[in-house]
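Here are the chains, one letter per residue:
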Amino acid sequence: MNDTPAIIERVSRMNEHYQRLHLTCDDSLNELKPGQTVLARVAARWDPYLREHWWPVAVSPNKLVIERPASFRYEPGQAVSLLGIVGQPFRYRRTLRNVLLIAADAAPTPLILSIAWLLTNRISVTLVLSGRGTQYPAQHLPKEVEIIQADEQLSWPNRVMTVGWADQVFVTTAADDELARFGQIWTLFRELRAEIPKGYLFGVFQPSLPCGVGACQACMIPLRGGEACLACVDGPAIDLTTVPLG
Ligand code: FES
């Protein structure tokens, strides 16, 4: 885990809910992959305890693009300390043709970096947005992505077909009570599919990460059989067949 200094070169407003920060840094984050994140401390905003959990949406040599809620204020030229790389890359199947991404009443930001990687590897991508997810400015996404606006109950036309056609599913949900919300997703998929195989349905967990290195245990997620894992070390994407959701 490195502490990488970075500079915010540009701030671009996407809409009234989202903004993007364009950063330059050294090459220590060039290998960051979909699912992996950094913990940021912005100069002049001193919180002795919690760093901000930043999800890159684009990575290129010595550059990162970060998506943040528009309610936070950032300025070009601001210095930032980035602790990372945090977490594991999304575990894609070896043979993968169709991936379903779901932002269930939440920002799809943790899923965005994966889109370019999937499209480059000729894997088709469908993104379902519901509730607060529908505030996302989807016009910023590649036109190859199928965008579905679902209702509050996560219902959309041809839902059974979309779910059956997906080889893997990655879901973000609101962070207020992730286990309960992923429990609802689990119940829904149990109704839509005869079985949920291992490695098919992943919850992308976003608990607070005080340390990001497995030291404080604050991001613990219970697993079946009385086991547990840490979102910052084993996550953020956890196979929901391993989580006691009901
Ligand atoms: S954030 Fe400290 S163990 Fe995960």
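Since the model is a prediction, treat every value here as computed from it, not as a measurement.

Calculation rules
Residues numbered from 1 in each chain as written. Predicted model: local features only at pLDDT ≥ 70, side-chain atom pairs only at ≥ 80, totals over all residues. Heavy atoms only, no water. Domains from an automatic or database assignment. Contact = heavy atoms within 4.5 Å. Buried area = accessible area lost by both parts, 1.4 Å probe. Salt bridge = Lys/Arg side-chain N within 4 Å of Asp/Glu carboxyl O. Polar contact = N/O pair within 3.5 Å; in protein donor to acceptor, adjacent residues only side chain to side chain. Helix = DSSP H or I, 4+ residues; strand = E, 2+ residues; numbered from the N terminus. Nonpolar A, V, L, I, M, F, W, Y, C, P; charged D, E, K, R; others polar. Buried < 20%, exposed > 50% of the residue type's maximum accessible area, 1.4 Å probe, protein only. Pairing = 2+ DSSP bridges. Right-handed = clockwise from strand over helix to strand, strands pointing away. Expected span 1.5 Å × (residues − 1).

Trainee: Can you help me understand the domain arrangement of the chain in this one?
Mentor: Once the domains are mapped, the chain shows domain 1 (2–86) and domain 2 (98–242). Computed over C-alpha atoms only, the centres of domain 1 and domain 2 are separated by 22 Å. Opposite the 21 residues of domain 1 that make contact, domain 2 presents 24 residues. Summing both sides of the interface, domain 1 and domain 2 together bury roughly 1800 Å²; the carbon and sulfur share of this comes to 66%. Broken down residue by residue, the surface that domain 1 buries against domain 2 is led by Tyr18, Pro34 and Trp55, which jointly contribute 30%. Where domain 1 touches domain 2, the interface holds zero salt bridges. Across the domain 1-domain 2 interface, the total number found is four residue pairs in polar contact (both at pLDDT 80 or more). Breaking the side of domain 1 that touches domain 2 down by element, the ones donating at least two residues are β2 (18–25), β4 (52–60) and β6 (79–86). Tallying contributions element by element places β4 first for the side of domain 1 that touches domain 2, with six residues. When the residues that make up the side of domain 1 that touches domain 2 are grouped by side-chain class, the tally is 14 nonpolar, four polar and three charged.

Trainee: How should I be thinking about the pattern of salt bridges in this particular structure?
Mentor: Two side chains bearing opposite charge may form a pair once their charged atoms approach each other closely. Under the definition given, this model contains eight salt bridges. Note that Arg20 and Glu67 form a salt bridge whose closest N and O atoms lie 2.8 Å from each other. Residue Arg20 is located in strand β2, and its partner Glu67 is located in strand β5 (residues 63–69); the two are separated by 47 residues in the primary sequence. Judged on exposure class, the residue Arg20 and its partner Glu67 are both buried. Here Arg68 and Glu52 are joined by a salt bridge, their closest N and O atoms 3.3 Å apart. With Arg68 in strand β5 and Glu52 in strand β4, this pair connects stretches of sequence that are 16 residues apart. Members of the salt-bridge network, linked through shared partners, are Asp105, Arg132, Asp176 and Arg181.

Trainee: Would you mind going over the pairing of strand β7 (residues 98–104) with me for this structure?
Mentor: For β7, a buried count of seven out of seven residues is recorded, marking the element as mostly surrounded by other parts of the structure. Going residue by residue along β7, you find Asn98, Leu100, Ile102 and Ala104 tucked away on one face and Val99, Leu101 and Ala103 tucked away on the opposite face as well. With seven bridges connecting them, β7 and strand β8 (residues 124–130) associate as parallel partners. Bridge pairing in β8 places Leu100 opposite Thr126. In this view, the connection linking β7 to its parallel neighbour β8 by way of helix α1 (residues 109–120) has right-handed handedness. Relative to strand β10 (residues 168–173), β7 runs parallel, the two being bridged by six bridges. Bridging from a neighbouring strand, Ile102 pairs with Val171 of β10.

Trainee: Hey, could you run me through helix α3 (residues 178–192) in this one?
Mentor: Residues three or four positions apart in an α-helix share a direction because the helix packs 3.6 residues into each turn. Over its 15 residues, α3 runs 21 Å from end to end, which matches the ideal 21 Å to within 8%, given 1.5 Å per residue. Buried residues belonging to α3 abut β7, α2 (159–165), β10 and β11 (201–204).

Trainee: Teacher, can you tell me more about the environment of Thr109 here?
Mentor: Summarising the element assignment, Thr109 is placed in helix α1. Separated by 40 residues in the primary sequence, Thr109 and Pro69 place their C-alpha atoms 9.7 Å from one another. When residues no more than four places from it in sequence are discounted, the contact partners of Thr109 are Tyr18, Trp55, Val57, Glu67 and Tyr136. In terms of polar contacts, Thr109 uses its side chain to reach the side chain of Glu67, at 2.8 Å.

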